[in-house]
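Residue-level structural notes
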Amino acid sequence: MTDSPPLTRADLQGSIRMTDVSDQPDSVRTAVAKGTVVIGLEAFEHVQNGTIRKGDVLSVAQIAGIMGAKQTSKLLPLCHDVQIDGVEVEFTLNAERHAIDIRAFTKSNGLTGVEMEALTAVSIAALTVYDMCKSVTKEIRVNDVHLLAKTGGQSGNWKSNE
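The following paragraphs examine the structure supplied in this document. As the structure is a prediction and not an experimental result, all values here were calculated from the model.

**With respect to the overall build of the protein**
The helix and strand inventory of the protein stands at four helices and five strands. Start at the N end of the protein and walk to the C end: the helices and strands fall as β-α-α-α-β-β-α-β-β. Seen along its three principal axes, the alpha-carbon backbone of the protein occupies a region of about 55 × 30 × 30 Å. Here the protein, with 162 residues, has 40% of them falling under the buried criterion. Within the protein, residue pairs in contact and separated by at least 24 positions form 70% of the contacts whose partners lie at least 6 positions apart. For the protein, the separation between the mean place of its 16 positive charges and that of its 20 negative charges on side chains is 3 Å.

Structure below.
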């Protein structure tokens, strides 16, 4: 019989608990996540031209993504409150797909990783794009939010095959 890894979010009786990271050493940890918001031709042209009625979509979404990363532990049960040292949220307009590609980078020096913070930054930025563009169209899709890479911590470095 193969030994299973220890449960980190539940005990053997199934009770939920926050993972104890107190015995882990501080280390520099980073994460990169990405996602895409497909907004359609009309909304894309409005974003590109800066004519969405609510204002500058990408600037507002950038601020929202950064704020989202900082609030991750309040949004996700059992997620540690991480002292974030840096958050970057970037956008690339994809004219061929009428989409906005979102990339977030998070960095911390601490006991636990910042993957959830990067994923939250992308998700909140994407939802902000949706909110700001919904007056133009409801045919908006948030797609493929996922982790691209992470560094540091017990599990070491990891990079997606993409």
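**Some words on unusual backbone geometry**
Although it is not a glycine, His98 adopts a positive phi angle of roughly 55°. Of note, His98 is situated in the loop between strand E2 (84-94) and strand E3 (99-110). Non-glycine residue Asp144 carries a positive phi angle of around 55°. Examined against the element boundaries, Asp144 turns out to sit in strand E4 (residues 141-151). Judged by its relative accessible area of 52%, Asp144 is exposed.

**Examining the layout of surface pockets**
Considered as a void within the structure, the largest pocket measures approximately 520 Å³ in volume. Lining the largest pocket are 24 residues, and of these Val21, Gln24, Thr112, Gly113 and Glu115 lie nearest its centre. Top contributing element to the lining of the largest pocket by residue count: helix H4 (residues 115-133), with three residues. Looking at side-chain class alone, the lining of the largest pocket contains eight nonpolar, nine polar and seven charged residues.

What counts, and at which threshold
Residues numbered from 1 in each chain as written. Predicted model: local features only at pLDDT ≥ 70, side-chain atom pairs only at ≥ 80, totals over all residues. Heavy atoms only, no water. Helix = DSSP H or I, 4+ residues; strand = E, 2+ residues; numbered from the N terminus. Buried < 20%, exposed > 50% of the residue type's maximum accessible area, 1.4 Å probe, protein only. Contact = heavy atoms within 4.5 Å. Lys, Arg positive; Asp, Glu negative; His and termini not counted. Charge placed at Lys NZ, Arg CZ, Asp CG, Glu CD. 1 Å grid on protein atoms, 1.4 Å probe; cavity = no way out; pocket = protein on both sides within 12 Å on 5 of 7 lines; lining within 4 Å. Points joined across faces, edges and corners; volume = space filled by probe spheres on them. Nonpolar A, V, L, I, M, F, W, Y, C, P; charged D, E, K, R; others polar.

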